[in-house]
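The chain contents come next:
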Amino acid sequence: MKIVMLGAPGAGKGTQAKQIADTYGIPHISTGDIFRANIKNGTELGRKAKEYMDKGLLVPDELTCDLVVDRISQPDAEKGYVLDGFPRTIPQAEALTNALEARHEKIDYAIDIEVPDENIIRRMSGRRACLTCGATFHTEFAPPKVEGVCDVCGDKLVLREDDKPETVANRLSVYHEQTQPLIDYYTGKGVLVEVDGTLDIDVVFEKIREILGA
Ligand code: AP5
Ligand code: MG
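The paragraphs below set out a description of the structure included in this document. Just so it is clear, the structure is predicted and the values come from calculations on it, not from any experiment.

**Quick word on the sheet that holds strand 8 (residues 192–196)**
Logical step 1: Strand order in the open sheet formed by five strands is 2-3-1-4-8, with parallel pairing between adjacent strands. Strands at the two margins of the open sheet, each flanked by one partner only, are strand 2 (28–30) and strand 8. Neighbour-to-neighbour, the strand axes of the sheet open up by a mean angle of 25°, direction not taken into account.
Logical step 2: Here five bridges tie strand 4 (residues 109–114) to strand 8, and the two strands are oriented parallel to one another. From the neighbouring strand, Asp112 faces strand 8, where its bridge partner is Glu194.
Logical step 3: Contacting strand 2 and strand 3 (81–84), helix 2 (residues 31–40) crosses the sheet at an angle of about 65° to strand 2.

**Considerations on the packing of helix 2 against helix 3 (residues 44–53)**
Logical step 1: As a packed pair, helix 2 and helix 3 sit with axes 8 Å apart at the nearest point and diverge in direction by 115°. In the crossing of helix 2 with helix 3, the sense of the turn from one axis to the other is left-handed. Here helix 2 contributes Gly32, Phe35, Arg36, Asn38 and Ile39 to the contact with helix 3, which in turn contributes Leu45, Gly46, Ala49, Lys50 and Met53.
Logical step 2: Each residue belonging to the contact of helix 2 with helix 3 can be placed in one class, and the counts come to five nonpolar, three polar and two charged.

Thresholds applied
- Residues numbered from 1 in each chain as written.
- Chains lettered and ligands numbered in written order.
- Predicted model: local features only at pLDDT ≥ 70, side-chain atom pairs only at ≥ 80, totals over all residues.
- Heavy atoms only, no water.
- Pairing = 2+ DSSP bridges.
- Helix = DSSP H or I, 4+ residues; strand = E, 2+ residues; numbered from the N terminus.
- Axes fitted to C-alpha atoms, helices over the stretch in contact; angles between N-to-C directions.
- Contact = heavy atoms within 4.5 Å.
- Left-handed = near helix turned anticlockwise from the far one by under 90°.
- Nonpolar A, V, L, I, M, F, W, Y, C, P; charged D, E, K, R; others polar.

In short, the description is geometric, and any link to function would need to be established separately.
Structure, rendered in structure tokens:
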């Protein structure tokens, strides 16, 4: 099963993608997590990506597309994957479609998690992220068992650099300009499904399960 998660920053793509990956036994591939891991490890890619991420801008397509095409070619992605945060421009979507078509494959579902902009800022200010394993919590809506500590790997939780309100506003406008057109793109491919992302985390996941079946 090959899935693309769509939705504004903070819509819950990462939260739901993790549950989908666990339930269906497929890898969760998040470009944001990959870039953050590179920043944490001080790599050249991380240094370049950080310049854009800290401003709420997109990392250029040429640093992003090959990375994902390479990742989905790994053996653990043979049965499928859930892509979170990629594609987020039309050229990225086309690069993905072309790479898949070359192998006679296609995306099965593009799941658009819909959350109005006014809900987003509150979600971001309460989010706490683990930069080691990519797990995400929320001080109010999804608290970790021990404050400030990741339930999954035990590392410390942080407020992401790009979750400051002024950067979130930039990310939202970049989303509307560059990523929202993908809703039409995947509608055209006949694979778009929409989910109300304002519901509770578990309810959103139930809706996704109904769509995916099993
Ligand atoms: P990325 O890491 O992908 O960030 P994003 O798209 O801005 O999305 P977020 O991770 O902020 O939100 P999310 O939808 O995953 O929500 P979450 O589940 O955490 O990208 C970061 C940056 O990297 C980009 O700005 C860009 O610079 C760069 N980048 C990445 N990919 C790129 C690409 N392909 N091309 C170019 N640049 C790229 O949930 C948010 C919070 O809400 C959490 O605290 C969660 O617990 C809570 N929550 C979730 N669901 C609910 C719910 N139903 N009810 C209440 N709370 C909820
Ligand atoms: Mg995320």
